[in-house]
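Tertiary structure, described
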Amino acid sequence: QVQLVESGGGLVQAGGSLRLSCAASGRTFRTYAMGWFRQAPGEDREFVAGITWNSGNTFYANSVKGRFTISRDSAKNTLYLQLNSLKSEDTAVYYCAAKSSGPVGIVDMSEYDYWGQGTQVTVSS
């Protein structure tokens, strides 16, 4: 089992920045990749960014490319998401997730085994 706890959400004005963190504990050595997903009210959950844990290869949704940066600190078992140039359409609950299988489906939420409880990001215009 892997436990994931997100933090860092909040209310920010458009154009501002936030940094989300996701602390992982438990059997983290089995983690192949981690990702951030988000879900806005009335919308489906969508992929935001992903990273392979050992090699650090990153993947981004087109909507956040150039504005968001995913990173990880292996020593601290912590995943980060730096959110810059925030827009009102970035308002959502942000979830971190971990997958133990290989690289196939890193953008597919059904491929992830463990999920955090989510953290709210609200961008005011």
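Residues numbered from 1 in each chain as written. Predicted model: local features only at pLDDT ≥ 70, side-chain atom pairs only at ≥ 80, totals over all residues. Heavy atoms only, no water.

1. Here's the deal with the sheet that holds strand 1 (residues 2-7)
Note on sheets: strands pair through backbone hydrogen bonds, and any given pair is parallel or antiparallel. Strand order across the open sheet formed by 4 strands is 1-3-8-7, with antiparallel pairing between neighbours. Looking at strand neighbours, the two that pair on one side only are strand 1 and strand 7 (68-73), the edges of this open sheet. Within this sheet the neighbouring strands show an average axis-to-axis angle of 15°, counted without direction. Bridging between strand 3 (residues 18-26) and strand 8 (residues 78-83) involves 6 bridges; their strand directions are antiparallel. (Pairing = 2+ DSSP bridges. Helix = DSSP H or I, 4+ residues; strand = E, 2+ residues; numbered from the N terminus. Axes fitted to C-alpha atoms, helices over the stretch in contact; angles between N-to-C directions.)

2. Side note on the nonpolar core
Ranked by size, the top nonpolar core spans 33 residues in total, and within it Trp36, Leu79, Leu81 and Tyr94 carry the most contacts. Breaking this core down by element, the ones donating at least two residues are strand 1, strand 3, strand 4 (33-39), strand 5 (46-52), strand 7, strand 8, strand 9 (92-99) and strand 11 (119-124). No other element matches strand 9, which puts 5 residues into this core. (Core = buried A, V, L, I, M, F, W, Y, C linked by side-chain atoms within 4.5 Å. Buried < 20%, exposed > 50% of the residue type's maximum accessible area, 1.4 Å probe, protein only.)

3. What to know about the state of the cysteines
If you walk through the whole model with that rule in mind, you get 1 disulfide. Residue cysteine 22 pairs covalently with cysteine 96 via a disulfide, S to S 2.0 Å. Disulfide cysteine 22-cysteine 96: torsion about the S-S bond near 45°, hence right-handed. Taken together, the residues span a long stretch of sequence, with cysteine 22 in strand 3 and cysteine 96 in strand 9 at a distance of 74 residues. Look at cysteine 96 and you get buried, because its relative accessible area is 0%. (Disulfide = S-S within 2.5 Å.)

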